[in-house]
Amino acid sequence: MSIGIIVHGGKSKPGMRQDQEKQLEAAILDGSGSALKVDEPFSKSQELVEYGEPPDGGLKAWLIVAGCAVGSCATFGFVNAWGVFQAYYEEQVLAGTSPSTIAWISSIQYALVFLPGLFTGRIFDMGWTKIPLAGASALIVAVAFLIAECTKYWHLAGGVAFGMCLDCPAQWFKRRLGLALGFMAVGSSIGGTCFPIAVKNLVEQVGFKWTMRIVGFIELVLLPFMVATDQRRLPPRKHSGPFSDFTAFKQLLYSLYNAATFLVFLGILTVESSHSSDDEKIIDEDYAFYLVAIANACSTVGRLSGGYLADHHLDPLTVMTPVTAVAGILTYAWPFAHSVGGYTAIAAIYGCASGVYASLLPAPVVRMGETHDIGLRVGMSMTIIAISALVGPPISGAINSATGGFKYTGVYAGTTIIVGCCFLVATRFTFLGGLRGTI
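Residues numbered from 1 in each chain as written. Predicted model: local features only at pLDDT ≥ 70, side-chain atom pairs only at ≥ 80, totals over all residues. Heavy atoms only, no water.

**What about the overall build of the chain?**
In terms of helices and strands, the chain carries 18 helices and 0 strands. Among the 439 residues that make up the chain, the fraction classed as buried is 54%. If you take every contact in the chain between residues at least 6 apart in sequence, the share linking residues at least 24 apart comes to 82%. When the accessible surface of the chain is summed, it comes to about 17900 Å², and 66% of that surface belongs to carbon and sulfur atoms. (Helix = DSSP H or I, 4+ residues; strand = E, 2+ residues; numbered from the N terminus. Buried < 20%, exposed > 50% of the residue type's maximum accessible area, 1.4 Å probe, protein only. Contact = heavy atoms within 4.5 Å. Areas by Shrake-Rupley, 256 points an atom, 1.4 Å probe, with all protein chains shown as cover.)

This is the structure we're talking about:
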């Protein structure tokens, strides 16, 4: 039986390898051997025809990852330094304000990182990248300078509004997507390591106002590089449908995974946001500040190793689930540490485990659909995380205030993480119909 591919007058795209052409042929032909008509402008089959598989490397692709990493450093990395700010606000700027009240600042910051995901994901699918990123970058720099002038709690809540960096690597990487996401997430580890140390030392030398102004200038250097390098590989969708489309939640797999992320984020931010303020009551105050930096530095190992394992040996869910459970167990143990060695060990191992989870967070969502609407699917997931990140730390702070310690805070946070891991197992089971195999 003769088989023809009706694309561009019967010709395949120049420069394609034989294996790519076979993939295109399989994507276009139905079971009877007749050629399928491609009506949608960017259906999965035509994406393969027009643009082939993601390059999975090359200077341009890795430059985009580098830009996303720099953006992650300037945004998520800065927010990850919250433990230092929590302690400083309790002692200086907002002395007399309860920890649970101050924790809302951190929650709002984390929420504003994730909350616009529904909006930014859709506009990413529609082809908008540079202008939204430039606008968000300007807002971040402005907020950094404005924080320097704040003296009231409600003025301190400055957030960043973009999850677009999570969408770009998925258009440039497929087989090495985990590693690309890992390198991108290393940016937040670097930021979470450097910002706490810089802020602590600068506050002592030049005061809080000039510290935040210097942070603003650092952001001003980092963010333009991100805007310059961020780029789509695929064209925008011409018919993108409604701005928000919740039909993806009809897919049990997608709903289970989002339930898992919601539960995990209720607790996983607790240890990092409480390290400095709690630990300095037991160990040297100066060293307590560095525990946040230690946790973030060790998360670099988790982010890179998790991405490598997800690409080469296992799959994202198989890698994420056990290490996230480790983070949950350490959250139970954290309130019972009473020495420098104990706190350091928990910070290091917890940072490594949570780093794996953070780096691979969007990877399962990418595999649950097609590339052309990845922004919408990832964006909806990020919006759900925003709700969890908004309420999680204040709940922990309220439990701490009500009980007079972090023992029951650890129980609450650890339990939400472990239950979230159960939902990750359920997601994997739903996808494979069992526990064996890879996704």
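Still more to cover.
**Observations concerning the nonpolar core**
Within the largest apolar cluster, 64 residues are counted, with the highest numbers of intra-cluster contacts made by Phe114, Phe173, Tyr257, Phe265, Ile268, Tyr357 and Leu361. The contact partners of Phe265, leaving out residues within four places of it in the chain, are Phe114, Tyr357, Leu361, Ile385 and Ser388. With 20 residues, the next largest nonpolar core counts Leu94, Ile105, Phe195 and Met212 among its residues. (Core = buried A, V, L, I, M, F, W, Y, C linked by side-chain atoms within 4.5 Å.)

**A closer look at the packing of aromatic side chains**
This model, assessed by the stated rule, comprises 7 aromatic pairs. With a centroid separation of 5.7 Å and an interplanar angle of 85°, the aromatic rings of Trp62 and Phe183 are classed as edge-to-face. You can see Trp62 sitting in helix 3 (residues 59-74) and its partner Phe183 sitting in helix 10 (residues 177-229), a full 121 residues away along the chain. Centroid distance Phe145 to Phe217: 5.1 Å. Interplanar angle 85°. Geometry classified as edge-to-face. One end of the pair, Phe145, is in helix 8 (residues 130-147); the other, Phe217, is in helix 10, and 72 residues separate them in sequence. The exposure class assigned to Phe145 is partly exposed, which follows from its relative accessible area of 26%. Taking NZ or CZ as reference, Arg213 lies 4.9 Å from the ring centre of Trp210, over its face. (Phe/Tyr/Trp six-rings, centres within 6.5 Å; stacked < 30°, edge-to-face > 60°. Lys NZ or Arg CZ within 6 Å of the ring centre and 35° of its normal.)

**Details of the pattern of salt bridges**
Under the criterion given, the structure shown has 3 salt bridges. Where Arg175 meets Asp56, a salt bridge forms, and the shortest distance between an N and an O atom there is 3.5 Å. Taken together, the residues span a long stretch of sequence, with Arg175 in the loop between helix 9 (169-172) and helix 10 and Asp56 in the loop between helix 2 (44-51) and helix 3 at a distance of 119 residues. The exposure class of Asp56 is buried, given its relative accessible area of 6%. The shortest N-O distance in the salt bridge between Glu204 and Lys200 comes to 3.0 Å. Of the two residues, Glu204 and Lys200 both sit in helix 10, 4 residues apart, roughly one turn of that helix. Relative accessible area serves as the criterion here: at 54%, Glu204 is assigned to the exposed category. When its relative accessible area of 9% is taken as the criterion, Lys200 is described as buried. (Salt bridge = Lys/Arg side-chain N within 4 Å of Asp/Glu carboxyl O.)

**Looking at the packing of helix 8 against helix 10**
As a packed pair, helix 8 and helix 10 sit with axes 7 Å apart at the nearest point and diverge in direction by 170°. It follows from the interaxial angle that helix 8 and helix 10 lie roughly antiparallel. Seen from helix 8, the contacting residues are Lys130, Leu133, Ala134, Ser137, Ile140, Val141, Ala144, Phe145 and Ile147; seen from helix 10, they are Phe208, Met212, Arg213, Gly216, Phe217, Glu219, Leu220, Leu223, Met226, Val227, Ala228 and Thr229. Looking at side-chain class alone, the contact of helix 8 with helix 10 contains 15 nonpolar, 3 polar and 3 charged residues. (Axes fitted to C-alpha atoms, helices over the stretch in contact; angles between N-to-C directions. Parallel < 35°, antiparallel > 145°, perpendicular 65-115°, else oblique. Nonpolar A, V, L, I, M, F, W, Y, C, P; charged D, E, K, R; others polar.)

**Some remarks on the side chain of Ser72**
Inspection of the secondary structure assignment puts Ser72 in helix 3. Apart from residues no more than four positions distant in its own chain, Ser72 is found in contact with Gly77, Met184, Ala185, Gly187 and Ser188.

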